[in-house]
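Next come the chains, spelled out residue by residue.
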There are 2 protein chains.
Amino acid sequence: MSDERLARLRALLDARLLDAALVSRNANRRYFSGFRLGDAEGPTSGWSGSLLVTRDAALIFADSRYTEQARQQAPGWELVATTGPIAMELPGVLLRHEVASLGAEAAVMSHADWSALAAAAPGTELHAIDAELVPLRAIKTTAEIDAIERACALTDACFDHLVEFVEPGMTEEMVALELERFFRTQGAEGLAFEPIVLAGPRAAMPHGRPSDAPIERGNVLLIDFGCSVDGYRSDMTRTLFVGDVPDDVRRYHDAVREAQQAAIDAIAIGANGQDLDALARERIEREGVAAYEHGLGHGIGLETHEAPSLRRSVASALEAGMVFSVEPGIYLPGVTGIRIEDIVALTASGPQLLTRSTREPIAIG
Amino acid sequence: MSDERLARLRALLDARLLDAALVSRNANRRYFSGFRLGDAEGPTSGWSGSLLVTRDAALIFADSRYTEQARQQAPGWELVATTGPIAMELPGVLLRHEVASLGAEAAVMSHADWSALAAAAPGTELHAIDAELVPLRAIKTTAEIDAIERACALTDACFDHLVEFVEPGMTEEMVALELERFFRTQGAEGLAFEPIVLAGPRAAMPHGRPSDAPIERGNVLLIDFGCSVDGYRSDMTRTLFVGDVPDDVRRYHDAVREAQQAAIDAIAIGANGQDLDALARERIEREGVAAYEHGLGHGIGLETHEAPSLRRSVASALEAGMVFSVEPGIYLPGVTGIRIEDIVALTASGPQLLTRSTREPIAIG
């Protein structure tokens with residue numbers, strides 16, 4: 001249990017005049033208590049791992065499948081064993097702790113749970129506190145940045161391995177499987193997300209899935225991947241050349257690299273994410289092609305996508321302790337796609353690249 | 001697009017006096033439209049892939065990352081490109097289609113989305129239809145049972161491979177990684193769930209995660225695993241003996257096997273899941289040990305856990321077309337754990353085992 005984190009959560013109770021906060025989001029549960037659930041466990045875990053924090057108590061709920069785990073991973077928390085759904089079990093606890101106003105995560109709890117809980121606990125008012133929880137994790141401590149850096153270092157090592165491993169004729173899926181094998185045998189807790197491995201024209205899909213399409217000479221090979229270490233994530237994209245690629249592909253790769261560098265150079269405490277996005281976008285449009293439709297970048301930590309968001313539509317002031325991706329791209333549907341993505345930590349002394357693989361074009365095969 | 005499935009959804013509109021249904025649950029989206037999302041994609045996909053079905057229209061929503069995929073996977077559906085959150089974009093569509101009453105999945109939609117949508121579409125009443133959607137997928141067609149059978153056959157093949165592969169000294173994680181490699185290189189779409197591989201006393205955790213604990217002689221090795229083929233899942237558990245195991249472990253294994261067989265023998269159209277559970281439980285308690293705390297079994301299909309639920313606390317009448325697991329176990333905390341799980345399809349001519357690996361004790365190493 002981190003006393004400092006809990007203190008910030010309790011300060012939120014004061015600011016919002018709440019008696020307690022119910023924490024449901026996986027990453028928030030882990031942030032405050034240490035309790036871990038895998039990304040795919042949500043649907044079957046019920047509300048095990050949920051936290052209730054009042055001014056003088058810190059409770060963790062778990063059904064019989066998770067009590068042992070809660071005891072081990074969240075040692076400072078009072079364990080409440082549950083056997084039924086939240087609307088059946090929580091109201092008694094709220095009564096016992098005299099919770100008249102409860103903050104909860106409306107964007108995470110289902111409407112069914114929320115409304116059943118509201119009906120079953122008529123003495124407790126429910127208030128959404130999602131927006132107030134977001135900034136709590138946006139500023140990282142040195143230890144958190146260190147964990148992200150270790151995930152990034154493993155990602156760099158994986159990239160080196162892939163450059164040796166990939167050969168024309170392999171399928172996208174084979175490459176995805178190999179990178180997962182690497183992460184899982186080299187100490188990662190898991191993947192940060194389903195890896196994107198796309199060859200040739202398929203690389204134009206910003207969000208494609210690896211297929212059984214073979215990688216051919218003349219293709220680009222876009223690899224967007226990351227792992228988690230102690231819960232903290234990495235996220236990196238490189239676009240390789242398989243054999244000789246057309247000249248305009250090389251030119252686009254240069255443009256994306258320069259666009260990314262222009263954005264990175266402008267990173268500073270107080271800078272606006274919108275302005276960084278504009279700088280990258282401008283450089284790409286100078287090539288006479290459309291810039292990426294997605295945002296320039298996203299915060300990263302216990303979740304692969306978290307605050308801040310660096311994009312055209314939202315102003316965002318960068319602060320010391322923020323860690324985020326910078327990932328411009330060019331996508332020509334049916335033709336090719338190029339993206340370069342790195343993770344940057346903004347420290348008191350300036351921006352620091354946490355992913356360090358070369359951004360120079362690499363030709364394989 | 002399956003016209004028959006859509007017709008059943010529209011019959012639900014009639015029964016509930018609704019103008020339209022909004023389908024949000026991944027498995028339901030795929031069931032009606034064919035649109036696929038990976039298990040871990042939920043958090044980043046927004047509401048892409050959501051369906052709106054009125055009496056004369058069938059719409060699929062997708063942001064720019066998913067429009068191409070929606071076109072390919074849901075060809076009969078009218079694609080609506082989105083750029084913002086559901087509460088911003090859906091109200092206009094509801095107006096255009098004159099939807100005064102909308103059925104939606106309250107257990108899937110977040111409370112934030114539900115309440116923002118309700119506020120932004122004051123002319124549309126929202127009604128929860130989760131309970132009415134559940135039975136739609138519970139009765140499988142021959143084609144669906146065939147897909148589950150293919151997933152089960154791949155799981156049997158994987159088990160044969162593991163029996164050859166596993167050796168004392170390997171870690172639980174190595175076995176988990178190998179079974180994933182097998183599935184992904186042998187044609188599975190993915191894993192049905194994070195595999196459970198637990199050695200020795202760790203097998204007493206019905207829900208443990210593979211660790212770096214080595215598998216030792218004298219241990220049991222409990223492997224609970226499954227894959228998906230064309231979206232349909234498998235789920236099987238076997239408990240291996242590593243070298244010589246104590247006599248009582250052998251006796252418990254026999255008891256679990258007989259408990260499972262007693263339940264399987266009682267499967268019939270109209271049988272009650274509660275009674276099956278009681279039969280298995282009785283056989284285990286005859287050994288003088290506590291029976292499993294979890295249910296006897298769960299339906300399986302596009303989700304690993306779906307209707308029906310076979311458990312002590314809920315009456316459930318089995319119907320032709322249902323496919324479900326039968327998985328009794330014995331768990332002795334700190335000592336050992338044994339579970340045997342198979343998938344059964346209940347057809348018009350009786351129960352049919354879809355997983356076919358031997359349930360006789362197997363000793364390895």
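Definitions and limits used
- Residues numbered from 1 in each chain as written.
- Chains lettered and ligands numbered in written order.
- Predicted model: local features only at pLDDT ≥ 70, side-chain atom pairs only at ≥ 80, totals over all residues.
- Heavy atoms only, no water.
- Helix = DSSP H or I, 4+ residues; strand = E, 2+ residues; numbered from the N terminus.
- Rg over C-alpha atoms; globule rule 2.2 N^0.38 Å.
- Buried < 20%, exposed > 50% of the residue type's maximum accessible area, 1.4 Å probe, protein only.
- Contact = heavy atoms within 4.5 Å.
- Areas by Shrake-Rupley, 256 points an atom, 1.4 Å probe, with all protein chains shown as cover.
- Lys, Arg positive; Asp, Glu negative; His and termini not counted.
- Charge placed at Lys NZ, Arg CZ, Asp CG, Glu CD.
- Domains from an automatic or database assignment.
- Buried area = accessible area lost by both parts, 1.4 Å probe.
- Salt bridge = Lys/Arg side-chain N within 4 Å of Asp/Glu carboxyl O.
- Polar contact = N/O pair within 3.5 Å; in protein donor to acceptor, adjacent residues only side chain to side chain.
- Nonpolar A, V, L, I, M, F, W, Y, C, P; charged D, E, K, R; others polar.
- Pairing = 2+ DSSP bridges.
- Axes fitted to C-alpha atoms, helices over the stretch in contact; angles between N-to-C directions.
- Least-squares fit on C-alpha atoms with pLDDT ≥ 70 in both.
- Phe/Tyr/Trp six-rings, centres within 6.5 Å; stacked < 30°, edge-to-face > 60°.
- Lys NZ or Arg CZ within 6 Å of the ring centre and 35° of its normal.
- Expected span 1.5 Å × (residues − 1).
- Arc of directions from axis to C-beta.
- 1 Å grid on protein atoms, 1.4 Å probe; cavity = no way out; pocket = protein on both sides within 12 Å on 5 of 7 lines; lining within 4 Å.
- Points joined across faces, edges and corners; volume = space filled by probe spheres on them.
- Parallel < 35°, antiparallel > 145°, perpendicular 65-115°, else oblique.
- Left-handed = near helix turned anticlockwise from the far one by under 90°.

1. Quick look at the overall build of chain A
So, point 1. Along chain A, the regular secondary structure elements total 10 helices and 20 strands.
So, point 2. Compactness check: chain A gives a C-alpha radius of gyration of 23 Å against a globular reference of 21 Å for 365 residues, within 12% of the reference.
So, point 3. In terms of overall dimensions, chain A has C-alpha extents of about 70 × 40 × 35 Å along its principal axes.
So, point 4. When burial is assessed residue by residue, chain A has 57% of its 365 residues classed as buried.
So, point 5. Long-range contacts, defined here as pairs at least 24 residues apart, represent 66% of the contacts in chain A between residues at least 6 apart.
So, point 6. Accessible surface computed for chain A: about 14200 Å², of which carbon and sulfur atoms make up 52%.
So, point 7. Charge separation in chain A, taken as the distance between the mean sites of 33 positive and 54 negative side-chain charges, equals 1 Å.

2. Notes on the domain arrangement of chain A
Residues and elements named next belong to chain A.
So, point 1. Annotation of chain A at the domain level lists domain 1 (3-137) and domain 2 (142-364).
So, point 2. When each unit is reduced to the centre of its C-alpha atoms, the spacing between domain 1 and domain 2 is 34 Å.
So, point 3. With nine residues of domain 1 at the interface, the matching set in domain 2 holds 12 residues.
So, point 4. It is R30, D39 and R137 that lose the most area in domain 1 upon contact with domain 2, and together they represent 54% of the buried surface on that side.
So, point 5. Across the contact surface, domain 1 and domain 2 share six salt bridges.
So, point 6. Measuring nitrogen to oxygen at the nearest pair gives 3.8 Å for the salt bridge that ties E144 to R5.
So, point 7. Between the two partners, domain 1 and domain 2, sit four residue pairs in polar contact (both at pLDDT 80 or more).
So, point 8. Counting only elements with at least two residues in the side of domain 1 that touches domain 2, the list comes to α2 (26-33) and α6 (130-138).
So, point 9. Classifying every residue of the side of domain 1 that touches domain 2 by side-chain character gives three nonpolar, no polar and six charged.

3. Let's talk about the sheet that holds strand β9 (residues 220-225) of chain A
All names here are of chain A.
So, point 1. Strands sit in the order β8-β9-β12-β20 across an open sheet of four strands; the sheet is mixed. The open sheet is flanked by β8 (196-199) and β20 (363-364), the only strands paired with a single partner.
So, point 2. As defined by bridge partners, strand β12 (residues 236-242) adjoins β20 across two bridges and the pair is classed as parallel. Along β20, the bridge assignment pairs V242 with I364.
So, point 3. Relative to β12, helix α7 (residues 142-165) is tilted by about 10 degrees, and along the sheet it contacts β9, β12 and β20.

4. Some remarks on the relation of the copies chain A and chain B
So, point 1. Note on the copies: chain A fits chain B at an RMSD of 0.0 Å, the axial shift is 0.0 Å, and the rotation between them is 180 degrees. Within this description, the copies of the chain are treated as partners about a two-fold rotation axis.
So, point 2. A share of 100% of the interface residues of chain A reappears at the interface of chain B, consistent with the copies meeting face to face through the same patch.

5. Things to note about the packing of aromatic side chains
Geometrically, a pair of aromatic rings is defined through the distance of the ring centres and the angle of the planes.
So, point 1. A full pass over the atoms with the stated rule returns 10 aromatic pairs over all chains.
So, point 2. Judged by centre distance (5.2 Å) and plane angle (75 degrees), the rings of A:Y31 and A:F32 are edge-to-face. A single burial state applies to A:Y31 and to A:F32, both of which are buried.
So, point 3. Three or more aromatic residues joined by ring pairs make a cluster, and in this case those are A:F182, A:F183 and A:F225.
So, point 4. Geometry around B:Y31 places B:R5 over its ring, the cationic atom sitting 4.1 Å from the centre.
So, point 5. Over the aromatic face of B:Y292 sits the side chain of B:R281, whose NZ or CZ is 4.2 Å from the ring centroid.

6. Considerations on helix α10 (residues 273-285) of chain B
Side chains that are three or four residues apart share a direction in an α-helix, a result of its 3.6 residues per turn.
Residue and element names in this part refer to chain B.
So, point 1. Its 13 residues place the ends of α10 18 Å apart at the C-alpha level, agreeing with the 18 Å of an ideal helix rising 1.5 Å per residue.
So, point 2. Considered for burial, the residues of α10 that qualify are G273, L276, D277, A280, R281, R283 and I284. Viewed along the axis of α10, the buried residues span an arc of 160 degrees, placing them on a single side of the element.
So, point 3. Those residues of α10 that are buried lie in contact with α9 (247-265), β14 (306-310) and β16 (329-332).
So, point 4. Capping the start of α10 is the job of one residue whose side-chain oxygen sits 2.9 Å from the backbone nitrogen of Q274: N272.

7. Thoughts on empty space enclosed by the protein
All names here are of chain A.
So, point 1. Scanning the entire structure with this criterion turns up three cavities of 30 Å³ or more.
So, point 2. As for the largest cavity, its lining consists of F159, R238, T239, L240, H253, I340, T358, R359, E360, P361 and I362.
So, point 3. Looking at the lining of the largest cavity, the element that brings in the most residues is β12, giving three residues.
So, point 4. Taken together, the residues that form the lining of the largest cavity break down as five nonpolar, three polar and three charged.

8. Considerations on the interface of chain A and chain B
So, point 1. Contact with chain A, which involves 27 residues of that partner, is made by 27 residues of chain B.
So, point 2. For the pair chain A and chain B, the summed buried surface comes to about 2500 Å²; carbon and sulfur atoms form 58% of the total.
So, point 3. Among the residues of chain A in contact with chain B, A:H111, A:H207 and A:R209 are the three that bury the most area, contributing 26% of the side total.
So, point 4. The interface formed by chain A and chain B holds two salt bridges in total.
So, point 5. Between A:R184 and B:E180 there is a salt bridge, with the nearest N and O atoms lying 2.5 Å from each other.
So, point 6. Elements that contribute at least two residues to the side of chain A that touches chain B include exactly α5 (111-120) and α8 (172-185) of chain A.

9. Examining helix α1 (residues 3-16) of chain B
So, point 1. Along its 14 residues, α1(B) runs 20 Å from first to last C-alpha, staying within 8% of the 20 Å computed at 1.5 Å per residue.
So, point 2. Two residues or fewer after α1(B) comes B:L17, characterised by a positive phi angle close to 55 degrees.

10. Looking at the packing of α2(A) against α6(A)
All names here are of chain A.
So, point 1. Close contact between α2 and α6 brings their axes to 11 Å; oriented N to C, the two are set at 55 degrees. Between α2 and α6, the crossing angle belongs to the class labelled oblique. For α2 against α6, the interelement crossing comes out left-handed. Seen from α2, the contacting residues are A27, N28, Y31 and F32; seen from α6, they are L133, L136 and R137.
So, point 2. Residue composition of the contact of α2 with α6, grouped by class: five nonpolar, one polar and one charged.

11. Brief notes about the sheet that holds strand β20 (residues 363-364) of chain B
The strands making up a sheet associate through hydrogen bonds between their backbones, and the pairing can be parallel or antiparallel.
All names here are of chain B.
So, point 1. Read from one edge of the open sheet, four strands run β8-β9-β12-β20, paired in mixed fashion. The two strands at the open ends of the sheet, each matched to only one other strand, are β8 (196-199) and β20.
So, point 2. Contacts between helix α7 (residues 142-165) and the sheet are confined to β9 (220-225), β12 (236-242) and β20, with β12 contributing the most and set at about 10 degrees to the helix.
So, point 3. Across the sheet, helix α8 (residues 172-185) lies against β8 and β9, angled at about 150 degrees from β8, the strand it touches most.

12. Quick notes on the pairing of β16(B)
Residues and elements named next belong to chain B.
So, point 1. Judged by which residues are buried, β16 turns out to be covered on both faces: G329 and Y331 on one side and I330 and L332 on the other are all buried.
So, point 2. Pairing between β16 and strand β17 (residues 336-339): four bridges, direction antiparallel. In the strand pairing of β17, L332 is matched with T336.
So, point 3. Connecting the antiparallel pair β16 and β17 is a turn made up of three residues, with G334 showing a positive phi of about 80 degrees.

13. Describing the side chain of A:R5
Residue and element names in this part refer to chain A.
So, point 1. One can find R5 in helix α1 (residues 3-16).
So, point 2. Polar contacts involving the side chain of R5 include one to the main-chain carbonyl oxygen of Y31, which spans 3.0 Å.
So, point 3. Those residues in contact with R5, other than ones at most four positions away along the chain, are Y31, F32, E144 and Y232.

14. Regarding the layout of surface pockets
So, point 1. Taken as a whole, the second largest pocket holds about 220 Å³ of empty space.
So, point 2. Counting contributing residues, the lining of the second largest pocket receives three or more from each of domain 1 (3-137) and domain 2 (142-364) of chain A.

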